[in-house]
Amino acid sequence: MVSIGDDAPDFTAPKTDIDGDIESFTLSQNLDDAPIVLAFFPAAFTGTCTTEMCTFRDQISNFEDIGSTVLGVSIDTPFTLSEFATKHNLNFELISDTNRNLIDAYDVEMDFADLGVYGVAKRAVFVVDADGEVTYSWVSDDPGVEPDYEAVKQATQQAS
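These notes cover the structure that comes with them. Being a predicted model, the structure only gives us computed values, none of them experimental.

Describing the environment of D33
Checked against the element boundaries, D33 lands in the loop between β2 (22-26) and β3 (36-40). Spatially, the C-alpha atoms of D33 and A151 are 20 Å apart, while their sequence positions differ by 118 residues. Apart from residues lying up to four places away in sequence, D33 is in contact with G67, S68 and T69.

So, the environment of D131
Position of D131 relative to the elements: it lies in the loop between β8 (123-128) and β9 (134-140). Overall, the relative accessible area of 67% leaves D131 in the exposed class. Taking the C-alpha atoms as reference, D131 lies 11 Å from D33; in sequence the two are 98 residues apart.

Details of the environment of V125
Residue placement: V125 occurs in strand β8. The buried category is assigned to V125, whose relative accessible area is 0%. Placed 64 residues apart in sequence, V125 and S61 show a C-alpha to C-alpha distance of 18 Å. In this view, V125 contacts V37, L38, A39, E52, Y136, S137, W138, P147 and V152; residues no more than four positions away in its chain are not counted.

Examining helix α3 (residues 78-87)
Each α-helix turn comprises 3.6 residues. Residues three or four places apart therefore point the same way. Among all positions in α3, only P78, L81, S82, F84 and A85 are buried. Buried positions in α3, seen along its axis, are confined to an arc of 165° and lie on one side of it. Relative to its buried face, α3 has exposed residues pointing more than 90 degrees away, namely F79, T86 and K87. Structurally, α3 contributes buried residues whose contacts are with β1 (12-16), β2, α1 (47-58), β4 (69-74) and β5 (93-96). Just downstream of α3 lies N89, where phi reads positive at about 50°.

About the thresholds
- Residues numbered from 1 in each chain as written.
- Predicted model: local features only at pLDDT ≥ 70, side-chain atom pairs only at ≥ 80, totals over all residues.
- Heavy atoms only, no water.
- Helix = DSSP H or I, 4+ residues; strand = E, 2+ residues; numbered from the N terminus.
- Contact = heavy atoms within 4.5 Å.
- Buried < 20%, exposed > 50% of the residue type's maximum accessible area, 1.4 Å probe, protein only.
- Arc of directions from axis to C-beta.

Following this line, the structure appears as structure tokens:
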């Protein structure tokens, strides 16, 4: 598992911006936008995931005021994430991890075996500073638990 003090695993993946445009995103090429909050969630259009992403939406000024970037990350396709962002008026970008490279690299994969759903992201938050170092890590084994948004905000302030 990725821990505080580790180098954040670099990645390149499709990113859906707030206008629904899809382009490639590479973490190491965007460290000028740090601190970067990587908010992993299991699936778009599900209860707790929608609540979490809408909470980040509603609190985005807390992050933008200190020059931080919030990115949601799930295994959904970029097209699904574009629709999800549009429906919920999300004001930050979403990363599509359909090939599951990110959940593997950050070691946040989980299954809903009783539902026949395998290989989705655990609910997790990592803060990455301008040097590419993980300065905050929170991972939940319970997909119904949301992160402590105040703790994420404080960690982001400390990393700026």
